[in-house]
Amino acid sequence: MALYSETVMDHFRNPRNVGVLDDADGVGEVGNAKCGDIMKIYLKIEDNVIVDVKFETFGCGSAIASSSMATEMIKGKPVAEALALSNKAVAEALDGLPAHKMHCSVLAEEAIKAAIEDYCTKNGIPFDTLRPEGE
Ligand code: FES
């Protein structure tokens, strides 16, 4: 069996939403404790909805594919829904990632959360009010 699904290879070869948003409302940058790779997410938010999103990464192919998929999954969604996106949901949407590459998908999840936190801080919105129940 191939190590990577067709969906992973597609998002790796043709990543969606790569780049920078100069007028971003929230920016999040995180590093991966396991490999030291870096991910940056830019969010444009209007009326509590993510109207645009871009990412830049110094991560591996799995990080690129996960971020590409994650940005597609949150575009057009309410902020609270984006905050609830888990790396497991992203990996599932990619038709799976090898177990030793799951940590790469955490980068996207954490960078999205950091960007939303930045947006909240800049706009005086209490971050905790957006968190899904129980987190
Ligand atoms: Fe670092 Fe995948 S090995 S993000």
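> Teacher, can you tell me more about the sheet that holds strand β2 (residues 38–46) here?
One key point about sheets: their strands pair by backbone hydrogen bonds, in either a parallel or an antiparallel sense. Within the open sheet, the 3 strands sit side by side as β1-β2-β3. Their pairing is antiparallel. If you trace the sheet from one side to the other, it starts and ends with β1 (26–31) and β3 (49–57), each paired once. Strand-to-strand twist in this sheet, taken as the mean axis angle between neighbours without regard to direction, amounts to 20°. As paired elements, β1 and β2 share 6 bridges and run antiparallel to each other. The residue of β2 that forms the bridge with Gly26 is Leu43. Contacts between helix α2 (residues 61–74) and the sheet are confined to β2 and β3, with β3 contributing the most and set at about 170° to the helix.

> How should unusual backbone geometry be read in this particular structure?
Excluding glycine, residues mostly carry a negative phi; peptide bonds, for their part, are mostly trans. The phi angle at Asn17 is positive, at roughly 65°, despite the residue not being glycine. Its place among the elements puts Asn17 in the loop between α1 (6–13) and β1. Asn17 gets classed as buried once you look at its relative accessible area, which sits at 10%.

> Help me understand α2 in this model?
Between its terminal C-alpha atoms α2 stretches 20 Å, which fits the 20 Å expected from 14 residues at 1.5 Å a residue. For α2, the full list of buried residues reads Ser62, Ala63, Ile64, Ala65, Ser66, Ser67, Ser68, Met69, Ala70, Thr71 and Ile74. Of the surrounding secondary structure, the elements contacted by the buried residues of α2 are α1, β2, β3, α3 (79–83), α4 (87–93) and α5 (102–123).

> Looking at this structure, how should I read the pairing of β2?
The side chains of a regular strand alternate, first on one face of the sheet and then on the other. A loop of 6 residues connects β1 with β2, the two strands running antiparallel in sequence, and Gly36 in this loop sits at a positive phi of about 85°. Across 8 bridges, β2 lies against β3 in antiparallel orientation. From the neighbouring strand, Glu46 faces β3, where its bridge partner is Val49. Count of turn residues in the β2/β3 antiparallel hairpin: 2 residues, of which Asp47 carries a positive phi of about 50°.

Cut-offs used in this document
- Residues numbered from 1 in each chain as written.
- Predicted model: local features only at pLDDT ≥ 70, side-chain atom pairs only at ≥ 80, totals over all residues.
- Heavy atoms only, no water.
- Pairing = 2+ DSSP bridges.
- Helix = DSSP H or I, 4+ residues; strand = E, 2+ residues; numbered from the N terminus.
- Axes fitted to C-alpha atoms, helices over the stretch in contact; angles between N-to-C directions.
- Contact = heavy atoms within 4.5 Å.
- Buried < 20%, exposed > 50% of the residue type's maximum accessible area, 1.4 Å probe, protein only.
- Expected span 1.5 Å × (residues − 1).

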